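Tertiary structure, described
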Amino acid sequence: MLILYLLSAAGIIAGLFILLKISPLELTNNIFKSLTDKPRSIKDQINEATNKKKPNYLKREITEVQEILRMTDRTDKFPLVCSASLGFFILGTVVAVLMDNAFLIPVLAVGMMFFPFWYIKLTANHFKKDIAAELETALSIITTAYLRNEDILTAVEENIDYLNPPIKNVFSEFLMSMKVINADSALAIKALKSKIENEVFREWCDALAACQSDRNLKSTLTPIVSKLSDIRIVNAELDLLVFEPRKEFIIMVFLLIGNIPLMYFLNKTWYELLMFSMVGKIILAITAVVIFVSTAFVLKITKPIEFRR
């Protein structure tokens, strides 16, 4: 009967979206944006700017995910992340209701709401490594071509088809800028420098700009590009060290959650006491709180270390 009520509620909500012609993506995007864009007093803004008052956890997570998506050229994915977060919020509520545990409803709803944000944070490092690898390839082949013909426009044109997004998009804009807007290579390189947040890339752009006035400096480009390979090797070693405690934590969480259904087969009385008694329901809610809080803490202390040379 409870499942029928839940299905009916879901149907009513879906019907309202269709009748009112509201997009779930736009709705959730506006809801989450309002959490970060809501008016604040001047005192609150000053306290946050001087680090005297930290924003609440939800606001910090939203802001950090927005920054990660911006840095990895996935800003358009934010509405989808917001919708997924709202979906997990509803899913957590439904699971707690099906378990007939009122104490677990706010815990699962709020805790599971952060799953998409935590996923973005976990995958951000892999996405950045893919961009760094593509950047290493792009700078290598463009530098080789530039050393041969001493013309950055020709060097990029020759190799643009061998590049992959998002690096290809950046150099395509560079070509368009030089061909259509301004043929001044120094200004185009200056604009190119701000497109990718990578210290080695910015150093390469500075050296390339210097080469426009003195082509004898082109020999400095190759050592700069080689830094990307060194940094990639060191970062791989650091990531391995950071991932170990995270892996152990994930294993412990799975063991903890897996013991609940396992208890049904080992001792049915204990299982019924845990799932259906008042004390057992409170214990499950407290356990869920500990898991979610620990997950947020582990993600914070095992944040990947980025080695910069």
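Everything below is about the structure printed above this text.
Conventions adopted
Residues numbered from 1 in each chain as written. Predicted model: local features only at pLDDT ≥ 70, side-chain atom pairs only at ≥ 80, totals over all residues. Heavy atoms only, no water. Helix = DSSP H or I, 4+ residues; strand = E, 2+ residues; numbered from the N terminus. Buried < 20%, exposed > 50% of the residue type's maximum accessible area, 1.4 Å probe, protein only. Contact = heavy atoms within 4.5 Å. Areas by Shrake-Rupley, 256 points an atom, 1.4 Å probe, with all protein chains shown as cover. Core = buried A, V, L, I, M, F, W, Y, C linked by side-chain atoms within 4.5 Å. Axes fitted to C-alpha atoms, helices over the stretch in contact; angles between N-to-C directions. Parallel < 35°, antiparallel > 145°, perpendicular 65-115°, else oblique. Left-handed = near helix turned anticlockwise from the far one by under 90°. Polar contact = N/O pair within 3.5 Å; in protein donor to acceptor, adjacent residues only side chain to side chain. Expected span 1.5 Å × (residues − 1). Bend = angle between axes of the 7 residues up to and from the residue. Phe/Tyr/Trp six-rings, centres within 6.5 Å; stacked < 30°, edge-to-face > 60°. Salt bridge = Lys/Arg side-chain N within 4 Å of Asp/Glu carboxyl O. Patch = residues over 30% accessible without salt bridge, like charges linked within 9 Å, V, L, I, M, F, W, Y side chains within 5 Å.

1. Concerning the overall build of the protein chain
Tallying secondary structure elements over the protein chain gives 14 helices and zero strands in all. When the helices and strands of the protein chain are listed from N to C terminus, the series reads α-α-α-α-α-α-α-α-α-α-α-α-α-α. Per-residue burial for the protein chain yields a buried fraction of 33% across its 309 residues. For the protein chain, restricting intrachain contacts to residue pairs at least 6 apart in sequence, the fraction spanning at least 24 positions comes to 63%. Total accessible area on the protein chain stands at roughly 19100 Å², and carbon and sulfur atoms take up 66% of it.

2. A short note on the side chain of Lys121
One can find Lys121 in helix 7 (residues 115-149). The exposure class of Lys121 is buried, given its relative accessible area of 19%. Non-local contacts of Lys121, meaning those with residues more than four positions away in its chain, are made with Glu61, Glu64 and Ile68.

3. Some thoughts on the environment of Phe88
Relative to the helices and strands, Phe88 is located in helix 5 (residues 78-98). Distance in space between the C-alpha atoms of Phe88 and Pro116 is 8.3 Å, their sequence separation being 28 residues. Once residues within four sequence positions are removed from consideration, Phe88 is found in contact with Met112, Met113, Phe115 and Pro116.

4. Let's talk about the nonpolar core
Ranked by internal contacts, the top residues of the largest apolar core, which has 34 residues, are Phe171, Phe201 and Trp204. Broken down by secondary-structure element, the contributors of at least two residues to this core are helix 7, helix 8 (152-159), helix 9 (167-181), helix 10 (185-193), helix 11 (199-211) and helix 12 (221-266). Contact partners of Phe201, with chain neighbours within four places excluded, come to Leu135, Leu139, Phe171, Leu192, Lys193 and Ile196. Leu69, Phe78, Ile120 and Leu299 belong to the second-largest nonpolar core, a separate cluster that totals 23 residues.

5. With respect to the packing of helix 7 against helix 11
Each packed pair of helices is defined by two parameters, the angle between the axes and the distance between the axes. Their axes nearest at 12 Å, the elements helix 7 and helix 11 cross at an angle of 15°. One element, helix 7, and the other, helix 11, form an angle in the roughly parallel class. For the pair helix 7 and helix 11, the crossing hand works out as left-handed. Contacts between helix 7 and helix 11 involve Leu135, Leu139, Ile142, Thr143 and Tyr146 from the former and Phe201, Trp204, Leu208 and Cys211 from the latter.

6. Things to note about the side chain of Ser85
Among the structural elements, Ser85 can be located in helix 5. When its relative accessible area of 0% is taken as the criterion, Ser85 is described as buried. Here the side chain of Ser85 touches Met113 through a polar contact of 2.6 Å, landing on its backbone oxygen.

7. Thoughts on the environment of Phe114
In this fold, Phe114 is placed in the loop between helix 6 (104-113) and helix 7. As a C-alpha pair, Phe114 and Ser85 span 29 residues in sequence and 6.3 Å in three-dimensional space. With near-sequence residues (within four places) excluded, Phe114 lies in contact with Tyr57, Leu58 and Glu61.

8. Concerning helix 12
The terminal C-alpha atoms of helix 12, which comprises 46 residues, lie 66 Å apart, in line with the 68 Å expected from a rise of 1.5 Å per residue. Residue Ile260 marks the point of greatest curvature in helix 12, where the axis turns by about 40°; the proline Pro261 follows within four residues. By the burial criterion, the buried members of helix 12 are Leu221, Ile224, Val225, Lys227, Leu228, Ile231, Asn235, Asp239, Val242, Arg246, Phe249 and Val253. Here the buried face of helix 12 lies against helix 7, helix 11 and helix 14 (278-301).

9. Points about the packing of aromatic side chains
Going through the model one piece at a time under the given rule, you end up with eight aromatic pairs. For the pair Phe115 and Phe292, a centre-to-centre distance of 6.0 Å together with 50° between the ring planes defines the contact as tilted. With Phe115 in helix 7 and Phe292 in helix 14, the pair connects residues that are 177 residues apart, well separated along the chain. What makes Phe292 buried here is its relative accessible area of 13%. Ring geometry for Tyr264 and Phe265: centres 5.4 Å apart, planes at 90°, overall edge-to-face. On the basis of relative accessibility, which here comes to 68%, the residue Phe265 falls in the exposed class.

10. With respect to the pattern of salt bridges
Throughout the structure, instances matching the rule amount to five salt bridges. Here Lys179 makes a salt bridge to Glu157, at a shortest N to O gap of 2.4 Å. On the criterion of sequence distance, the pair formed by Lys179 in helix 9 and Glu157 in helix 8 is long-range, its members being 22 residues apart.

11. Details of a nonpolar patch on the surface
Taken together, the side chains of Phe103, Met278, Ile282, Ile286 and Val290 present a nonpolar region at the surface, about 450 Å² in accessible area. Of note, Ile282 is situated in helix 14. With relative accessibility at 33%, the residue Ile282 sits in the partly exposed group.

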